[in-house]
Amino acid sequence: DHRNVLDSRVCFDDKFSFGVATASYQIEGAWNVSGKGESIWDRYTHAHPDMVVDRSNADVADGSYYKVKEDVALMVKLGIGFYRFSIAWSRILPIGLSNYVNEDGIRYYKELLAELRRNHITPVATMYHFDLPQNLQELGGWTNPIMADYFVDYARVLLDTFGDEIKIWLTFNEPYTFCEDGYGGIEAPGANSSGFEDYLCGHNVLRAHGMVYRMFDKEYRKKIGGHMGITLDFSWLEPATTSVEDQQAAETARQFYFGWFAHPIFSKYGDYPPVMRSMIDANSKRQGFYHSRLPYFTSKEVEMIRGAYDFLGLNHYTTYLVKHGSRRISLQPSFIDDMNVIKFQRDEWPKTNSSWLKVVPWGFRKALNWVRVNYRNPKTLITENGVAFERGLHDTKRVNYIDSYLRSLHAAIHQDGCYVIGYAYWSLLDNFEWTRGFSERFGLHEVDYQSPNLTRTPRLSAKYFTSVAKTGCLPNSYADYTYDI
Ligand code: GBH
């Protein structure tokens, strides 16, 4: 043991693992190379450049498709134990369907996996991180129930092809984000049909998740082993005051934002959170709908989805305050009206380069404890936590963000008993941040988008994270990790 008695550092267990996260569309580039099909994000950014703040797209992005060795070398330097990446559905199945498999897509991910294996970095793969094949969008995308069957077919191809090498799987990344922002709002595909298509999307995604988990359990687990979960995004939602109304509003908000997807899978009874069911049913009725806008699961579906996890993937970035709303139900359905709360952040909370992200480390501990209490302390992997600040290599603000969030995480584990097995920083590299384009930089490594090589340079935070990953401890002072800058 390298620690002595005077060492008061905060340390994680030996088994606790540090990693970094990325996603296919945000880093790969090569959007139409070697047989890759078009995804909804290719289509959306090409057809509506005005929807992205800097009018950019990820045709080239970080060029990671051509930089397997270089990117893995960065991870080796970081000393991390796992790499969370996503597989582009349209690179494996160009039109989304299993009748035609693109061999070059398989070659690319096999190369990545071989390089990770050579360097003893465990792969954690997300099957779906927002990039639906455009061809399937033509059928209505996630609003069409058949999408669950096509997702099962795609998952089967992945498990057959990569199951020997990938032992940790996530079906979906943040269904709340892509159903609400994509079908209720203006991220791809930009359906902008809140209170309606967002719920259809969520319903089919939950079915798809349950179906893939059951298939994995029945047909693959014995043969190839492994673990399967889903990644959900949980911003902590704190009551703005101690009033009963605001406490209730905060709990309602947690159920709508997080419970929508967590409750059917992780709760004891399964199905949608009761408060969502009753509020949306009541609003639908008042608005003159014969059917609730929130679809019903059959009892078989409830059972299929309930308990469909080996672990929870959790993304956490920030915290909001919640007040009770006094909205009158309008004729126009919307998710926000259904929930009827007011959500905001304090001006005094430290700002970042993302309008939605303030630095509120204590919310991390609260979110983890809410999960522990409500869902019987599921095994949890932090699949994303991170922050964007301005360009530049001397990113002390990012170091402070990570350090303070890790202290909060440490308290959740060691003081409260939350069952968390690892932490991934978002992200390895600056990358394409969806409708915020390249304007928000989350990387431990800066990417020079002006250079033909898309040169990667480690920031101070990369040094910091290296020290954390290698020692399992948070340094007491910068002196512990700045020696080699
Ligand atoms: C994560 O979502 C994503 O999984 C990841 O792909 C992404 O790169 C990362 O965040 C960092 O952005 O400015 O009003 O449009 C976190 C949840 C949901 C937060 C969408 C930002 C849009 C805010 N995100 N939300 S807005």
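The preceding data block contains the structure.
Quick caveat: nothing in here was measured; it's all calculated off a predicted structure.

Rules used throughout
Residues numbered from 1 in each chain as written. Predicted model: local features only at pLDDT ≥ 70, side-chain atom pairs only at ≥ 80, totals over all residues. Heavy atoms only, no water. Core = buried A, V, L, I, M, F, W, Y, C linked by side-chain atoms within 4.5 Å. Buried < 20%, exposed > 50% of the residue type's maximum accessible area, 1.4 Å probe, protein only. Helix = DSSP H or I, 4+ residues; strand = E, 2+ residues; numbered from the N terminus. Contact = heavy atoms within 4.5 Å. Pairing = 2+ DSSP bridges. Axes fitted to C-alpha atoms, helices over the stretch in contact; angles between N-to-C directions. Disulfide = S-S within 2.5 Å. Expected span 1.5 Å × (residues − 1). Near = heavy atom within 4 Å. Polar contact = N/O pair within 3.5 Å; in protein donor to acceptor, adjacent residues only side chain to side chain. Areas by Shrake-Rupley, 256 points an atom, 1.4 Å probe, with all protein chains shown as cover. Nonpolar A, V, L, I, M, F, W, Y, C, P; charged D, E, K, R; others polar. Salt bridge = Lys/Arg side-chain N within 4 Å of Asp/Glu carboxyl O. Phe/Tyr/Trp six-rings, centres within 6.5 Å; stacked < 30°, edge-to-face > 60°. Lys NZ or Arg CZ within 6 Å of the ring centre and 35° of its normal.

A. Here's a closer look at the nonpolar core. By size, the foremost hydrophobic cluster in this structure holds 159 residues, and its most contacted members are I87, W142 and L409. When residues of this core are assigned to their parent elements, the largest contribution, 12 residues, is made by helix 9 (residues 197-224). Residues in contact with I87, not counting those within four places in the same chain, are S24, I92, Y109, A125, T126, M127, Y154, L158, F162, I166 and W169.

B. Fine view of the sheet that holds strand 2 (residues 17-21). Here we have 8 strands rolled up into a closed barrel, ordered 2-3-4-5-6-8-11-12, and parallel in their pairing. Within this sheet the neighbouring strands show an average axis-to-axis angle of 25 degrees, counted without direction. Here strand 6 (residues 227-233) pairs with strand 8 (residues 311-315) via 5 bridges, running parallel. By the bridge assignment for strand 8, D233 is matched with N315. Seen against the sheet, helix 16 (residues 460-471) touches strand 2 and strand 12 (420-426) and runs at an angle of roughly 145 degrees to strand 2.

C. Highlighting the pairing of strand 3 (residues 82-86). By the criterion of burial, strand 3 is predominantly enclosed, with 5 of the 5 residues buried. The side-chain alternation of strand 3 yields two buried faces, one formed by F82, R84 and S86 and the other by Y83 and F85. Across 3 bridges, the pairing between strand 2 and strand 3 is parallel. Residue pairing in the sheet places A21 in a bridge with R84 of strand 3. Strand direction decides the pairing type here: strand 3 and strand 4 (residues 122-128), joined by 5 bridges, are parallel. In the strand pairing of strand 4, Y83 is matched with P123.

D. Local environment of the state of the cysteines. Applying the stated criterion to the full structure yields 2 disulfides. Two residues share a disulfide in this structure: C11 and C473, whose sulfurs sit 2.0 Å from each other. Because the torsion about its S-S bond is 100 degrees, the bridge between C11 and C473 counts as right-handed. Note that C11 is positioned in strand 1 (residues 10-11) and C473 in strand 15 (residues 473-474), a separation of 462 residues in sequence. Note that C179 is cross-linked by a disulfide to C201, the S-S spacing being 2.0 Å. What sets the handedness of the C179 and C201 disulfide is the S-S torsion sign, and at about -65 degrees it is left-handed. Note that C179 is positioned in helix 8 (residues 175-183) and C201 in helix 9, a separation of 22 residues in sequence. What makes C179 buried here is its relative accessible area of 0%. Assessed through its relative accessible area of 0%, C201 is described here as buried. Assigning the bonded cysteines of the protein consecutive numbers by sequence position, one obtains the connectivity 1-4, 2-3.

E. Fine view of helix 7 (residues 146-162). Look at helix 7: 24 Å from first C-alpha to last across 17 residues, which is about the 24 Å you get at 1.5 Å a residue. Of the residues making up helix 7, those classed as buried are M147, A148, F151, V152, Y154, A155, V157, L158, L159, T161 and F162. Lining the buried residues of helix 7 we find helix 4 (89-92), helix 5 (103-118), strand 4, helix 6 (134-137), strand 5 (168-173) and helix 9.

F. Fine view of helix 5. End to end, helix 5 covers 22 Å across 16 residues, agreeing with the expected 22 Å (1.5 Å per residue, within 8%). Considered for burial, the residues of helix 5 that qualify are D104, G105, I106, Y108, Y109, L112, L113, E115 and L116. Its buried side turned inward, helix 5 meets helix 1 (24-27), helix 3 (68-78), strand 3, helix 4, strand 4 and helix 7. Looking one or two places after helix 5, you find H120, whose phi comes out positive at around 60 degrees.

G. Quick peek at the site of the ligand. Taken together, 17 residues lie around the ligand, and Q26, H129, E174, E433 and W434 are the ones closest in. N173 is positioned with one of its side-chain polar atoms (N or O) 3.0 Å from an oxygen atom of the ligand. Between the ligand and the protein, one listed contact pairs an oxygen atom with a side-chain N or O atom of W426 at 3.2 Å. Alone, the ligand offers 590 Å² of accessible surface; in the complex the protein occludes 82% of this. Classifying every residue of the shell around the ligand gives 5 nonpolar, 6 polar and 6 charged.

H. Representation of the pattern of salt bridges. Overall, the coordinates contain 31 salt bridges when judged by the stated rule. Where D310 meets R221, a salt bridge forms, and the shortest distance between an N and an O atom there is 2.9 Å. Highlighted residues: D310 in the loop between helix 12 (299-305) and strand 8 and R221 in helix 9, separated in sequence by 89 residues. Classification of R221 by relative accessible area gives partly exposed; the value is 24%. One salt-bridge network, in which partners are shared between bridges, spans R391, D430, R441, E446 and R459.

I. Here's a closer look at the packing of aromatic side chains. Across all of its chains, the model carries 58 aromatic pairs by this definition. Summarising the aromatic geometry, the rings of Y128 and W142 are spaced 5.4 Å apart at their centres and angled 80 degrees between planes, so their arrangement reads as edge-to-face. Here Y128, found in strand 4, pairs with W142, found in the loop between helix 6 and helix 7; they are 14 residues apart in sequence, far enough to count as distant. Accessibility expressed as a relative area gives 1% for Y128, which makes it buried. Plain terms: the ring middles of F364 and Y405 are 5.9 Å apart, the flat faces sit at 40 degrees to each other, and that makes the pair tilted. Taken together, the positions of F364 in helix 14 (residues 362-374) and Y405 in helix 15 (residues 396-414) put the pair 41 residues apart, joining distant regions of the chain. Under the relative-accessibility criterion, F364 is labelled buried at 0%. Sitting above the plane of the Y108 ring, R91 keeps its charged end 5.8 Å from the centroid. Residue placement shows R277 over the ring face of Y296; its charged tip is 3.5 Å from the ring centre.

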